[in-house]
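# Breakdown of the fold
Residues per chain are reported as follows:
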Amino acid sequence: MTILLAELAVRYGCELHGHPDTEISAVGTLKDAREGEISFLANPGYRKFLATTQASAVILSKELAAECPVACLVAADPYLAYARIAAELHPLPELNAGVHPAAVVSESAVIPSSCEISAGAVLASGVKLGERVSIGPNCVIGENSVVGDDSCLLANVSVYDGCEIGSRCLLHAGVVIGSDGFGIAKSEQGWVKVPQIGAVILGDDVEIGALSTIDRGAIENTVLGNGVKIDNQVQIAHNVTVGDHTAIAAQSGISGSTKVGARCIIGGKAAIAGHIEIADDVYLQGGSGVANSIKDSGIYSSAISVEPVTKWRRIAARLKNIDKIAKRLAALEKRVAKNKNRSD
Amino acid sequence: MTILLAELAVRYGCELHGHPDTEISAVGTLKDAREGEISFLANPGYRKFLATTQASAVILSKELAAECPVACLVAADPYLAYARIAAELHPLPELNAGVHPAAVVSESAVIPSSCEISAGAVLASGVKLGERVSIGPNCVIGENSVVGDDSCLLANVSVYDGCEIGSRCLLHAGVVIGSDGFGIAKSEQGWVKVPQIGAVILGDDVEIGALSTIDRGAIENTVLGNGVKIDNQVQIAHNVTVGDHTAIAAQSGISGSTKVGARCIIGGKAAIAGHIEIADDVYLQGGSGVANSIKDSGIYSSAISVEPVTKWRRIAARLKNIDKIAKRLAALEKRVAKNKNRSD
Amino acid sequence: MTILLAELAVRYGCELHGHPDTEISAVGTLKDAREGEISFLANPGYRKFLATTQASAVILSKELAAECPVACLVAADPYLAYARIAAELHPLPELNAGVHPAAVVSESAVIPSSCEISAGAVLASGVKLGERVSIGPNCVIGENSVVGDDSCLLANVSVYDGCEIGSRCLLHAGVVIGSDGFGIAKSEQGWVKVPQIGAVILGDDVEIGALSTIDRGAIENTVLGNGVKIDNQVQIAHNVTVGDHTAIAAQSGISGSTKVGARCIIGGKAAIAGHIEIADDVYLQGGSGVANSIKDSGIYSSAISVEPVTKWRRIAARLKNIDKIAKRLAALEKRVAKNKNRSD
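Of regular secondary structure, chain A possesses four helices and 39 strands. For a compact globule of 344 residues, the expected C-alpha radius of gyration is about 20 Å, and chain A comes in at 27 Å, more than 25% above that figure. Taken along its principal axes, the extent of the C-alpha atoms in chain A is 90 × 70 × 35 Å. Put simply, chain A has 344 residues, and 57% of those count as buried. Residue pairs at least 24 apart in sequence account for 17% of intrachain contacts in chain A once pairs closer than 6 positions are excluded. In chain A, 31 side chains carry a positive charge and 37 a negative one; their mean positions are 20 Å apart.

Shown next as structure tokens:
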């Protein structure tokens, strides 16, 4: 596909600098783009590659237009404009509608003819798909689960019974939806399983990264709002609710019954305790732990970055003694105050 | 299914308050239960919903019976009583015994007729199942592995060759049992793989959460005791042993050759080093790291919870200087002592 | 298979102590090996088992040969010699070449007759395998992906389209290669997906542990060098590059666009931020976080090990006040200096 730069400018509301007939057929990085490719500059760390870029055009902010050696599209948010232009230049493959003969679909499943069911997929009784749903190879969908229009499950996804996936959702390979929450009660004879009879409800436009797990609710449901975006290897425990448009980076975990607000950004490997509430618009830095509710929007962190190990060992040892350090300081303050009084 | 409250009281040893003929057909939360549902109150955080509950009955402790506006079952451990009553009200679906035509089962596999082998499951030669085993869609079981009576493997589980799974085990979707331990030896030409020839042995009544991995032993076996309960995305490395009735929450990892005692509770995202021993009855708080053996039962932690990032940056910067702080304090103590001696 | 100890000594360059005709047929641990088994001693923690070992022979270092009660092979690096000898004694099962009738292979896929394609595997159009490739049960390989000679994909692996896997690679169960990177751009209407059009390129001799995920690049590729070894549940984000012979332990995560050097060792559960560079030969201790580039080789850490919770609570509380502690110390230093001046 080839598009003229002028068309892209008009379609995505950018200001065009340079020749309007510049032909664009793909995207490329500032550093390595070749003729016919459009690049973007959003992260200031890559500004150094602008002067020598071989891209045919660059999407960037007003301030940088003057130093761009090639045609450019000036956008209020260059990364957002890039996202939309890239999607136009690199459209998803079209559905190959139909049920593959090596798929196993229950007679009671409702599968519109616009859907693609790939080889090895297993759809249980009562499954109901919307229009143009794509079920990837070797996916398994349990009884009575529902998938909305235009959603796509890639390879090896497992959806347990009774779950609901909204429209335009994208579930990456190996995702598990609706597994049992970790509910166990202690008895004299060991742990007794607490039945997990709730479900998982995913809103519309939800994306879930490879090998993430969303547990079903214990009694009520686990619910992810519209537009929630989840990276790989994230764990969402039973009865969690995640507000609309919250994004959660890889390997984070949210413990049971916690409510995460809307438009939050949870950095990678964050750990959020159970039975707490996170306000809207909270940004958690990667590697942070959250033990208590966060009531105010804002940026939070508890991550500590590395030091050379010999230095770190001293730090860690001193940290273990910080209570003594504080007590010694208090004693010294008292003593100095007394000395002062005496010497007064 | 409908059960009279009086029957539940008798069967689960609870004291009945209210009408014995109250009909119960499902469970519900205190907050949202409707007529015909039984709820429970174990976490004090939910006591506020008791006065207005619409449940037909509530399972709770003696102290709270007086404030319950509806019928109730008084139990020594309300959560445990709830677990058992919920299991009775919401029984697991019955097995649909037989081998699905789209399963691939080796002729030398031993599959009792009471087992259910789902579509897409692949069972290699020498696999041996006990009675009433359920193998979910697209599971793969390697050569000579054994699964005990009444165990259930849900969708997309992978069991390598030569592993043993006990009776009444439940393996959730995407679990991997018997993958190679991370054994590599350095050479001039790069890493040389150390063959992993041990196996994985799971006891009876083990539950393993979605997408958890249990590596096979390097020479001897990796062993999980009876009644061990493991949440999602947990990693158990080669040659680990986990004692009976230990519970491990999501995203925790146990490194190679470590021995974890019995009845431990490992919080989520805990990191346990290799070649150490954790005593029985140790409770690790979520997000903790364990570098050395823990010899005494008790509660341990090293988790730090978030602060607003501007405050946290100061804390982290000071922490990096804690060694200097301690030295300055010691110098000051010396100096004050000297001053005092001088002023005496 | 039985081999004489003398043959092993010659083949692997070890010095033989004891009877050259000692017959070896398997490996065993120092503690539990029986007749016919060879063991090794590399970790000093296991030296206590040497005196009573029932192994027929032990691989160990020169210094320990004298205290070995049985035949031994003296090696410069006993663990490395063990790795090679164990591989000889416990060879991998031979390929069972051919395409299983329950596999689904596109007509346009190139599958040499030396390959083994297991039941339930789904290979899309344009897939190209080298010689003697083994594709495990229920694996899914996307369009135009390439796998080099002698590589092995175990059960339930998902490879997206357009990825390249080198020769002699080993991908464990449930691995996901080529999933979309977590690229999203904020808009007024919520997150807009940034198309991920790069690929994943794995070098030769790469091993990837169970349920690890390697995301495809946003524009350019995500690249793992030759001899890279990755443990279970590791997450490699888009556009990461990992240098040759780097080893990454379980549950670690590397964020987008970061460059990790060659021959690094990344401990378990490490968290590495995006857009940074880690030098060659860096060793990160398990549980460490890396926020900034590491320019010098060496050992780094930020891990804190547990304390009993009552002690830890005091430490954590004091840590939150460390800024005040430092300020009080500075004030006291000033005051003592003034007192001293006054008393001088």
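There's plenty left to go through after this.
As a further point, take the pairing of strand S6 (residues 57-60) of chain A. In summary, the side chains of a regular strand alternate between the two faces of the sheet. All names here are of chain A. In S6, alternate side chains face the same way, and those of Ala 57 and Ile 59 on one face and Val 58 and Leu 60 on the other are all buried. The pairing of strand S5 (residues 37-40) with S6 spans three bridges and is parallel. Paired with Ile 38 across the two strands is Ala 57, which belongs to S6. In terms of strand pairing, S6 meets strand S7 (residues 71-74) through four bridges, oriented parallel. Following the sheet pairing, Val 58 is matched in S7 by Cys 72.

What follows concerns unusual backbone geometry. A positive phi angle, near 60°, is found at Asp 281 of chain B, a position not held by glycine. In this fold, Asp 281 of chain B is placed in the loop between strand S35 (277-278) and strand S36 (282-284). A relative accessible area of 35% places Asp 281 of chain B in the partly exposed class. Phi at Asp 205 of chain C is positive, roughly 60°, even though this residue is not glycine. Within the fold, Asp 205 of chain C resides in the loop between strand S23 (200-202) and strand S24 (207-208).

Quick look at the interface of chain C and chain A now. With 77 residues of chain C at the interface, the matching set in chain A holds 68 residues. Summing both sides of the interface, chain C and chain A together bury roughly 5600 Å²; the carbon and sulfur share of this comes to 64%. When residues of chain C are sorted by the area they lose upon contact with chain A, Phe 182, Trp 191 and Ile 219 of chain C head the list and together hold 12% of the total. Counting across the chain C and chain A interface gives five salt bridges. Measuring nitrogen to oxygen at the nearest pair gives 2.9 Å for the salt bridge that ties Glu 307 of chain C to Lys 320 of chain A. For the interface between chain C and chain A, the tally reads 28 residue pairs in polar contact (both at pLDDT 80 or more). Elements with a contribution of two residues or more to the side of chain C that touches chain A: strand S20 (176-179), strand S21 (184-187), strand S22 (190-193), strand S25 (213-215), strand S37 (289-290), strand S38 (298-301), helix H3 (309-320) and helix H4 (322-343) of chain C. Among the elements that line the side of chain C that touches chain A, the one with the most residues is H4 of chain C, at nine residues. Per-class residue counts for the side of chain C that touches chain A are 37 nonpolar, 27 polar and 13 charged. With two bridges connecting them, strand S39 (residues 307-308) of chain A and S38 of chain C associate as antiparallel partners. For Glu 307 of chain A, the partnering residue across the bridge sits in S38 of chain C and is Ser 301 of chain C.

In this complex, chain B contributes 77 residues to the contact, which on the side of chain C involves 68 residues. Linking chain B to chain C there are five salt bridges. At the boundary of chain B with chain C, the tally comes to 28 residue pairs in polar contact (both at pLDDT 80 or more). Counting residues per element, the ones that place at least two in the side of chain B that touches chain C are strand S20 (176-179), strand S21 (184-187), strand S22 (190-193), strand S25 (213-215), strand S37 (289-290), strand S38 (298-301), helix H3 (309-320) and helix H4 (322-343) of chain B. Per-element accounting of the side of chain B that touches chain C gives the leading share, nine residues, to H4 of chain B.

Once chain B is rotated about the relating axis by 120° and shifted along it by 0.0 Å, it coincides with chain C to within an RMSD of 0.0 Å. Classification of the inter-copy transformation places it as that of a three-fold axis.

Time to look at the sheet that holds strand S32 (residues 259-260) of chain C. Residue and element names in this part refer to chain C. Reading across from one edge, S12-S15-S18-S23-S26-S29-S32-S35 is the order of the eight strands in this open sheet, with parallel pairing throughout. For this open sheet the edge positions go to strand S12 (128-129) and strand S35 (277-278), each flanked by a neighbour on one side alone. In the sheet, S12 pairs with strand S15 (residues 146-147) via two bridges, with the strands oriented parallel. Across the sheet, residue Lys 128 finds its bridge partner in S15, namely Val 146.

All names here are of chain A. Between its first and last C-alpha atoms helix H3 (residues 309-320) spans 16 Å; for twelve residues at 1.5 Å apiece the expected length is 16 Å, and the two agree. Residues Val 309, Trp 312, Ile 315, Ala 316, Leu 319 and Lys 320 constitute the buried set of H3. End-on, the buried residues of H3 take up no more than an arc of 135°, which puts them together on one face.

With that settled, the discussion passes to the environment of Glu 333 of chain C. In this structure, Glu 333 of chain C sits in helix H4. Among residues more than four places away in sequence, those in contact with Glu 333 of chain C are Arg 328 and Leu 332 of chain B.

What follows is about the packing of aromatic side chains. Residues and elements named next belong to chain A. Tallied over the entire structure, the rule returns nine aromatic pairs over all chains. When the centroid spacing of 4.2 Å and the interplanar angle of 25° are considered together, the rings of Phe 40 and Tyr 82 count as stacked. Here Tyr 82 lies in helix H2 (residues 78-89) and Phe 40 lies in strand S5, a separation of 42 residues in the sequence. Classification of Tyr 82 as buried rests on a relative accessible area of 1%. Each member of the aromatic cluster is reached from another via a ring pair, and the members are Phe 40, Tyr 79 and Tyr 82.

When the domains of chain A are assigned, the result is domain 1 (3-89), domain 2 (98-300) and domain 3 (309-343). Here the C-alpha centre of domain 3 of chain A lies 49 Å away from the C-alpha centre of domain 2 of chain A.

If you walk through the whole model with that rule in mind, you get 52 salt bridges over all chains. As a salt-bridge pair, Asp 323 of chain B and Lys 327 of chain B come within 3.1 Å of each other at their nearest N and O atoms. With Asp 323 of chain B and Lys 327 of chain B both in helix H4, this residue pair falls four residues apart, about one helical turn. Assessed through its relative accessible area of 10%, Asp 323 of chain B is described here as buried. The structure contains a network of salt bridges with shared partners spanning Arg 314 and Arg 318 of chain A together with Asp 323 and Lys 327 of chain B.

Read across the open sheet, the twelve strands follow the order S8(A)-S10(A)-S13(A)-S16(A)-S19(A)-S24(A)-S27(A)-S30(A)-S33(A)-S36(A)-S38(A)-S39(B); overall the sheet is mixed. Each end of this open sheet is capped by a strand with a single partner; those strands are strand S8 (98-99) of chain A together with strand S39 (307-308) of chain B. As paired elements, strand S16 (residues 152-153) of chain A and strand S19 (residues 170-171) of chain A share two bridges and run parallel to each other. Residue pairing in the sheet places Cys 152 of chain A in a bridge with Leu 170 of chain A of S19 of chain A.

Further remarks concern the confidence of the model for chain A. Looking at chain A as a whole, its pLDDT mean stands at 96, while 99% of the residues score no less than 70. Reported for the predicted complex are a pTM of 0.97 and an ipTM of 0.96.

The next thing to look at is the side chain of Glu 207 of chain C. Checked against the element boundaries, Glu 207 of chain C lands in strand S24. Classification of Glu 207 of chain C by relative accessible area gives buried; the value is 10%. Polar side-chain contacts of Glu 207 of chain C include one of 2.8 Å to the side chain of Lys 193 of chain B. For Glu 207 of chain C, the side chain forms a polar contact with the side chain of His 172 of chain C, separated by 3.0 Å. The residues contacting Glu 207 of chain C, other than those within four sequence positions of it, are Asp 180 and Lys 193 of chain B together with Leu 170, His 172, Val 228, Lys 229 and Ile 230 of chain C.

This next bit is on the side chain of Gln 196 of chain A. Residue and element names in this part refer to chain A. Mapped onto the elements of the fold, Gln 196 is located in the loop between strand S22 (190-193) and strand S23 (200-202). Classification of Gln 196 as buried rests on a relative accessible area of 7%. In this structure the side chain of Gln 196 is engaged in a polar contact, spanning 3.5 Å, whose partner is the backbone nitrogen of Gly 181. Reaching out from Gln 196, the side chain makes a polar contact with the backbone oxygen of Val 194 at a distance of 2.8 Å. Every residue in contact with Gln 196, bar those within four places of it in the chain, is listed here: Asp 180, Gly 181, Gly 183, Arg 216, Gly 217, Ala 218 and His 238.

Let's shift gears to the environment of Ala 326 of chain A. Residue placement: Ala 326 of chain A occurs in helix H4 (residues 322-343). Residue Ala 326 of chain A is classed as buried on the basis of its relative accessible area of 3%. Apart from the residues lying within four places of it in its own chain, the contact partners of Ala 326 of chain A are Arg 318, Ile 325 and Arg 328 of chain C.

Reading the values: rules and limits
Residues numbered from 1 in each chain as written. Chains lettered and ligands numbered in written order. Predicted model: local features only at pLDDT ≥ 70, side-chain atom pairs only at ≥ 80, totals over all residues. Heavy atoms only, no water. Helix = DSSP H or I, 4+ residues; strand = E, 2+ residues; numbered from the N terminus. Rg over C-alpha atoms; globule rule 2.2 N^0.38 Å. Buried < 20%, exposed > 50% of the residue type's maximum accessible area, 1.4 Å probe, protein only. Contact = heavy atoms within 4.5 Å. Lys, Arg positive; Asp, Glu negative; His and termini not counted. Charge placed at Lys NZ, Arg CZ, Asp CG, Glu CD. Pairing = 2+ DSSP bridges. Buried area = accessible area lost by both parts, 1.4 Å probe. Salt bridge = Lys/Arg side-chain N within 4 Å of Asp/Glu carboxyl O. Polar contact = N/O pair within 3.5 Å; in protein donor to acceptor, adjacent residues only side chain to side chain. Nonpolar A, V, L, I, M, F, W, Y, C, P; charged D, E, K, R; others polar. Least-squares fit on C-alpha atoms with pLDDT ≥ 70 in both. Expected span 1.5 Å × (residues − 1). Arc of directions from axis to C-beta. Phe/Tyr/Trp six-rings, centres within 6.5 Å; stacked < 30°, edge-to-face > 60°. Domains from an automatic or database assignment. pLDDT = per-residue confidence, 0-100.

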